[in-house]
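# Structural overview for review
One-letter residues, chain by chain:
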2 protein chains.
Amino acid sequence: MSGFAPSLEILIDKLASLPSIGRKSAQRLAFHFMSMSDEEAQAFAEAVKNARTKVKRCTVCCNFSDEDVCPICRSKERDRSVICVVEDPRDVLAFERTHEYPGLYHVLHGVISPMNDINPEDICIKELIARLSGDEVKEVIMATNPTVEGEATSMYISKLIKPLGVKVSRLAYGVPVGADLEYADEFTLIRAMEGRKDI
Amino acid sequence: MSGFAPSLEILIDKLASLPSIGRKSAQRLAFHFMSMSDEEAQAFAEAVKNARTKVKRCTVCCNFSDEDVCPICRSKERDRSVICVVEDPRDVLAFERTHEYPGLYHVLHGVISPMNDINPEDICIKELIARLSGDEVKEVIMATNPTVEGEATSMYISKLIKPLGVKVSRLAYGVPVGADLEYADEFTLIRAMEGRKDI
């Protein structure tokens, strides 16, 4: 015998193929599934399938949604004149947790990265441009991650938007609230200096 | 909006309910599922279901198996006179990796633990006793974990077996091969001293 029962081996292989799950964790998880009731295991399998089949991209903002248009894009209470552009659906949640941002979002689902063969047409840029055709949107806030690729994507998109007469801004750089200056990297400190404000 | 799309939230909840997977990891995993092809997601869901429905306990040794009798119990090459009793299917694999143990196994699927309301009838003890009714088995090697509960289970079972005229032994205690004595705990050192051998 080289290992566990074949069906169990298949499950362990599948689990071990998930990000940040090693062989040992996959075994532990597989054994957890074995100790579940049939109903629980069934419900788990259904959840995986449903997430794949029911969840689609909002036809407006490209965020994940169970419906054609997501609750934020449908909401009558949001400020429709401003769109915050993020890389990932998780970033939407991060902003929503602040309970401060009143506008809409646009999810790019990635950043332009020629090294990884991700070109402008591979992320949701054209969907964003399409949203700017009317007069409704006055400002687009670029909120890509402060990485080289995030910045480059932000620059690329802003060059497409400016000719349309829509204001483009980006998140402020600076020291994170509550951080210890001693441990801040020099680029962050330089940006924080550049962006200093009178008090 | 309080969170992600409902179907995605359900998947994240299911993933977060697995052992050693927190909310953040569950989100990362769920997003990995979203980036899978439909076929991959389907195959994953099937693997979970199959592991639950196809894998059963070997009717002889209680190890997990896709068949009624597992390959080890069916094998003509194993020494059928000795049974190594372990707590968990993973322990079988640990012994198999040594390529040294020629006999059969018996998987208890747990240890007696009154604190956790696990009694002798909750683990596969009666199945072990049933295997000793003929004359075939000459020795039972107790290989439960060297914990208080593992020891107690081992003692309990040995008391049941001895009247049947079958020899009962247990794994040797001692310092692990390659270990640093400086970091060995006192109980291990005491056991290693007690079990010392002439060289």
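Reading the values: the criteria
Residues numbered from 1 in each chain as written. Chains lettered and ligands numbered in written order. Predicted model: local features only at pLDDT ≥ 70, side-chain atom pairs only at ≥ 80, totals over all residues. Heavy atoms only, no water. Helix = DSSP H or I, 4+ residues; strand = E, 2+ residues; numbered from the N terminus. Rg over C-alpha atoms; globule rule 2.2 N^0.38 Å. Buried < 20%, exposed > 50% of the residue type's maximum accessible area, 1.4 Å probe, protein only. Core = buried A, V, L, I, M, F, W, Y, C linked by side-chain atoms within 4.5 Å. Contact = heavy atoms within 4.5 Å. Axes fitted to C-alpha atoms, helices over the stretch in contact; angles between N-to-C directions. Left-handed = near helix turned anticlockwise from the far one by under 90°. Nonpolar A, V, L, I, M, F, W, Y, C, P; charged D, E, K, R; others polar. Pairing = 2+ DSSP bridges. Right-handed = clockwise from strand over helix to strand, strands pointing away. Least-squares fit on C-alpha atoms with pLDDT ≥ 70 in both. Salt bridge = Lys/Arg side-chain N within 4 Å of Asp/Glu carboxyl O. Domains from an automatic or database assignment. Arc of directions from axis to C-beta. Parallel < 35°, antiparallel > 145°, perpendicular 65-115°, else oblique.

### As for the overall build of chain A
- Assigned secondary structure in chain A consists of eight helices and six strands.
- In sequence order, the secondary structure elements of chain A are arranged as α-α-α-β-β-α-β-α-β-α-β-α-β-α.
- Rg of the C-alpha trace for chain A: 22 Å, well past the compact-globule value of 16 Å for 199 residues, more than 25% over.
- Projected onto its principal axes, the C-alpha coordinates of chain A cover approximately 70 × 45 × 35 Å.
- Of all 199 residues assigned to chain A, the portion counted as buried reaches 40%.

### Topic: the nonpolar core
- Counting residues in each nonpolar core, the largest one holds 48 residues, and the members touching the most others are Leu8 and Leu15 of chain A together with Leu8 and Leu15 of chain B.
- Of all the elements in the fold, those that place two or more residues in this core are helix 1 (6–16), helix 2 (23–35) and helix 3 (38–54) of chain A together with helix 1 (6–16), helix 2 (23–35) and helix 3 (38–54) of chain B.
- In this view, Leu8 of chain B contacts Val55 and Phe64 of chain A together with Ala30, Phe31 and Met34 of chain B; residues no more than four positions away in its chain are not counted.

### Structural notes on the packing of helix 3 of chain A against helix 1 of chain B
- The geometry of helix 3 of chain A relative to helix 1 of chain B is characterised by a closest axis approach of 8 Å and an angle of 145° between their N-to-C directions. The element helix 3 of chain A and its partner helix 1 of chain B pack so that their crossing is left-handed. Mapping the contact onto sequence places Ala43, Phe44, Ala47, Val48, Asn50, Ala51 and Lys54 of chain A in helix 3 of chain A and Ser7, Ile10, Leu11, Lys14 and Leu15 of chain B in helix 1 of chain B.
- Classifying every residue of the contact of helix 3 of chain A with helix 1 of chain B by side-chain character gives eight nonpolar, two polar and two charged.

### A short note on the pairing of strand 4 (residues 103–107) of chain B
Residues and elements named next belong to chain B.
- For strand 4, the buried fraction is high: five of the five residues fall into the buried class.
- Here strand 3 (residues 79–86) runs beside strand 4; their pairing, made up of five bridges, is parallel. Opposite Asp79, over in strand 4, you have Gly103 as the bridge partner.
- Viewed along the sheet, the connection from strand 3 through helix 5 (residues 89–98) into strand 4 turns out right-handed.

### Comments concerning the environment of Thr59 of chain B
Residue and element names in this part refer to chain B.
- Within the secondary structure, Thr59 is located in the loop between strand 1 (56–57) and strand 2 (64–65).
- Along the sequence, Thr59 and Glu127 sit 68 residues apart, while their C-alpha atoms lie 8.4 Å from each other.
- Sequence-distant contacts of Thr59, defined by excluding residues within four places in its chain, comprise Asp68 and Val69.

### Topic: the relation of the copies chain A and chain B
- Of the two same-sequence chains, chain A is brought onto chain B (RMSD 0.1 Å, axial shift 0.0 Å) by a rotation of 180°. Those values place the two copies in the arrangement expected of a two-fold rotation axis. No C-alpha of chain A approaches the rotation axis more nearly than that of Ala45 of chain A, which lies at 2.2 Å.
- Take the interface residues of chain A: 100% of them recur as interface residues in chain B, which is what a same-surface contact looks like.

### What to know about the interface of chain A and chain B
- Every contact between the two is made by 51 residues of chain A and, on the other side, 51 residues of chain B.
- Run the count over chain A and chain B and you get two salt bridges.
- Where Arg52 of chain A meets Asp38 of chain B, a salt bridge forms, and the shortest distance between an N and an O atom there is 2.8 Å.
- When residues of the side of chain A that touches chain B are traced back to their parent elements, those giving at least two are helix 1, helix 2, helix 3, strand 2 (64–65) and helix 5 (89–97) of chain A.

### Things to note about the domain arrangement of chain A
- When cut into domains, chain A gives domain 1 (6–54) and domain 2 (77–198).
- Placing a centre on the C-alpha atoms of domain 1 of chain A and another on those of domain 2 of chain A gives a separation of 36 Å.

### Comments concerning helix 1 of chain B
- Residues Ser7, Leu8, Leu11, Ile12 and Leu15 of chain B constitute the buried set of helix 1 of chain B. Projected onto a plane normal to the axis of helix 1 of chain B, the buried residues spread over an arc of 140° and lie on a single side.
- In this structure, the buried side of helix 1 of chain B is in contact with helix 3 and strand 2 of chain A together with helix 2 of chain B.

### Brief notes about the packing of helix 5 of chain A against helix 2 of chain B
- Contact pair helix 5 of chain A / helix 2 of chain B: the axes reach a minimum separation of 11 Å and the direction vectors enclose 140°. Considering their axes alone, helix 5 of chain A and helix 2 of chain B lie oblique with respect to each other. Across the interface between the two elements, Pro89, Arg90 and Leu93 of chain A from helix 5 of chain A touch Gln27, Arg28 and Phe31 of chain B from helix 2 of chain B.
- Among the residues forming the contact of helix 5 of chain A with helix 2 of chain B, the class breakdown is three nonpolar, one polar and two charged.

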